[in-house]
Amino acid sequence: MNDLLPAYERPVLVRHARGAMNKFSRAASMQPATELDGVPYDRLLEAYGSPLFAFSERTLVQTYRQLEDAFATRWPRVRIAWSYKTNYLDGICRLLHQQGAWAEVVSGFEYDKAVRNGVPESRIHFNGPAKSEADLDKAFRGDAIVHLDHFDELALAERVARRLGVRPGVALRLNLATDGVPAWTRFGFNLESGEALSAVRRLIAGDVLQLVGLHCHIGTFIPEVGPYQQAARKLALFANLLRADHGITVDFLDLGGGFASHNTLKAQYLPGTEASPTFARYAEAIVDGLEALDVDPLERPTLVLETGRALVDDAGHLVTTVVANKRLPDGRRALVLDAGVNSLFTAFWYKHDVVPTAPVHGIPEPTILYGPLCMNIDCMRDTLQFPPMSPGEHLVFHHVGAYNVTQWMQFITYRPAVCLVGQDGQHALLRRRETLDDVAGCEELPAWIG
Amino acid sequence: MDDRQQLRDLALNDKGFVFDPLTGATFSTNPTGLQILRFLQEGADRSAILAGLQARFDVRGDDLTRDLDEFVSTLRRQGLVGQDFGL
């Protein structure tokens, strides 16, 4: 050890590739992310271990306010219903409910979680294609807003309502065609074929359910605003038809979710930080479509948004530790990390933005990031230019707040801890790391095995 | 061409720029890689290179042997030495 000598770095030699830059000639930059809202990642790792999901309360709250402001300055009545499936950690949900968000749930489990989080049942939008009779019973007793998905559910809802002696308000989920976005025809009643109108007539004839809302959800991670304008216009025209022909005035139009976060899809050319529309652009498009409504401006229905991904994705970060360096036969460097696709499910869809948590020196070279699973699919990030890293050093994946802490799976390793960094630098666990008892606790041993 | 001659023909500058006049290819290397290339141009053998690195850099628990072998395999892959070249 001799501090007077230059520090040893693993030797690298990188061939210059001409013409490999993109058309904007942007140099690849690799700025380390050393802290989250003033709290060093190293300190979080000391407190909660690696790997670790870390959420920024500041980003979450700011993003919520940006979304709300974008729409509330353009439409008189706006309701944000937090999409539980995107991230149903209690701490995240409660932060959003404190901002004023209602709940949008798609299962009895999520419904119960929303109730446990203190959401009045009348502030729950209950979506999903497979609600049970018990789910509908619970929702109608609690005065939640059930979004009907198909005719069998409509009939079941009528039976439950009759048995309970109530006339619940319900919404119809519609699917519809927009330019450039494949229609999600598996959910709801199709608009263009006339199925949606048939559902309205069937509902009127049943004379037990009250139609209070129309809902559509055109897709997920849609980095274009045009389809939203079209969807909003179609909902508005259908609402006009219901009022003109059937005397039904709906209380709300629900445009669902699907706004793009700042992530970058694998097939996407420009990074999401540049390509994804702002909330203001989505709002302009939707409000433009809703102008087709033929109602007095003071009687405009509430605009409901079920934004999930774009609200929480940017607030979440995954901190991970380098376990090993490898050199692949084709010359690429590989890093083995202690977090894999079992924790970062969205690695299958996105080119996640990933950087070291400390300043690094040395020449970047083509590098592939693998997780710790003994499975070939466990690739956290396909080849990118990355600086030299040594075992024990840390990386952080950005924009991981949506879907990962719900779609992650306990597979081969324990699911990691999740922490929240508060707005004044405090931090605390949102979910502790799993233990063997958590995983094996649900198991039973048949008596004859002993 | 003789591997050592090909290595001697490489043009290096102090910033780690490497030019191979045989193919026209250019490379970047870090200070450690640059030092190894210079040792190779001087005809140093494996043990001399390892000792030279120990003497010139602050080495703390790094696996020099493994790093040197990997660097030599990179030279082979990039065509800067023949496929049979070894230390």
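What you are looking at is a predicted structure, and each value in this text was computed from that prediction instead of being measured.

One open sheet holds the four strands; their spatial order is E1(A)-E3(B)-E2(B)-E1(B), and the pairing between them is antiparallel. Taken across any chain shown, the strands that pair with only one partner, and hence form the sheet edges, are strand E1 (13-15) of chain A together with strand E1 (11-12) of chain B. Alignment of strand E2 (residues 17-19) of chain B against strand E3 (residues 26-29) of chain B, held across three bridges, turns out to be antiparallel. The residue of E3(B) that forms the bridge with B:Val18 is B:Phe27.

The next thing to look at is helix H7 (residues 195-206) of chain A. Residues and elements named next belong to chain A. Here H7 is 12 residues long and its end C-alpha atoms lie 16 Å apart, about the 16 Å a rise of 1.5 Å per residue gives. Among the residues of H7, Ala196, Ala199, Val200 and Leu203 are the ones counted as buried. The buried residues of H7 all sit within an arc of 100° when viewed along its axis, so they share a single face. Away from the buried face of H7 by more than 90 degrees, exposed residues Arg201 and Ala205 are located.

Attention now moves to the domain arrangement of chain A. Residue and element names in this part refer to chain A. In terms of domains, chain A is made up of domain 1 (35-54 + 314-436) and domain 2 (57-313). Centre-to-centre separation of domain 1 and domain 2, based on C-alpha positions: 33 Å. The partner domain 2 presents 22 residues to the 21 residues of domain 1 that form the contact. Taken together, the residues that form the side of domain 1 that touches domain 2 break down as 10 nonpolar, seven polar and four charged.

Attention now goes to the confidence of the model for chain B. Confidence along chain B averages 93 in pLDDT terms, with 99% of residues attaining 70 or more. Predicted as a complex, the structure gets a pTM of 0.91 and an ipTM equal to 0.96.

Taken together, the 19 residues of chain A in the interface contact 23 residues of chain B. For the side of chain A that touches chain B, the leading source of residues is E1(A), giving three residues. Of the residues contributing to the side of chain A that touches chain B, the split by class is 10 nonpolar, four polar and five charged. Of the pairings in the sheet, the one linking E1(A) to E3(B) comprises three bridges and is antiparallel in character. The residue of E3(B) that forms the bridge with A:Val14 is B:Ser28.

With that settled, the discussion passes to the confidence of the model for chain A. Put simply, chain A has an average pLDDT of 94, and 97% of its residues get 70 or more. Between residues 21-27 of chain A, whose pLDDT stays under 50, and residues either more than four places distant or in other chains, the model counts zero contacts.

Glancing now at the nonpolar core. Counting 115 residues, the largest nonpolar core has A:Ile124, A:Leu172 and A:Leu253 as the members making the most contacts within it. Each of two domains, domain 1 (35-54 + 314-436) and domain 2 (57-313) of chain A, supplies a minimum of three residues to this core. Leaving out residues up to four positions away in the same chain, A:Ile124 has contacts with A:Trp102, A:Ala103, A:Val105, A:Tyr111, A:Ala114, A:Val119, A:Ala144 and A:Ile145. Residues A:Val12, B:Leu34, B:Phe39 and B:Val72 belong to the second largest nonpolar core, which totals 18 residues.

Residues and elements named next belong to chain A. With six of seven residues buried, strand E9 (residues 169-175) lies mostly within the body of the structure. Across three bridges, the pairing between strand E8 (residues 145-148) and E9 is parallel. The residue bridging Val146 from the neighbouring strand is Val170, located in E9. Considered for its hand, the β-α-β crossover made up of E8, helix H6 (residues 151-164) and E9 is right-handed. Examined bridge by bridge, E9 and strand E11 (residues 210-216) share six bridges and lie parallel to one another. Residue pairing for E11: Val170 is matched across the bridge by Leu211. Judged from the two bridges that link them, E9 and strand E10 (residues 189-190) form a sheet pairing that is parallel.

Definitions and limits used
- Residues numbered from 1 in each chain as written.
- Chains lettered and ligands numbered in written order.
- Predicted model: local features only at pLDDT ≥ 70, side-chain atom pairs only at ≥ 80, totals over all residues.
- Pairing = 2+ DSSP bridges.
- Helix = DSSP H or I, 4+ residues; strand = E, 2+ residues; numbered from the N terminus.
- Expected span 1.5 Å × (residues − 1).
- Buried ≥ 20, exposed ≤ 12 C-beta atoms within 10 Å, placed from the backbone.
- Arc of directions from axis to C-beta.
- Domains from an automatic or database assignment.
- Contact = placed C-beta atoms within 7 Å.
- Nonpolar A, V, L, I, M, F, W, Y, C, P; charged D, E, K, R; others polar.
- pLDDT = per-residue confidence, 0-100.
- Core = buried A, V, L, I, M, F, W, Y, C linked by C-beta atoms within 7 Å.
- Right-handed = clockwise from strand over helix to strand, strands pointing away.

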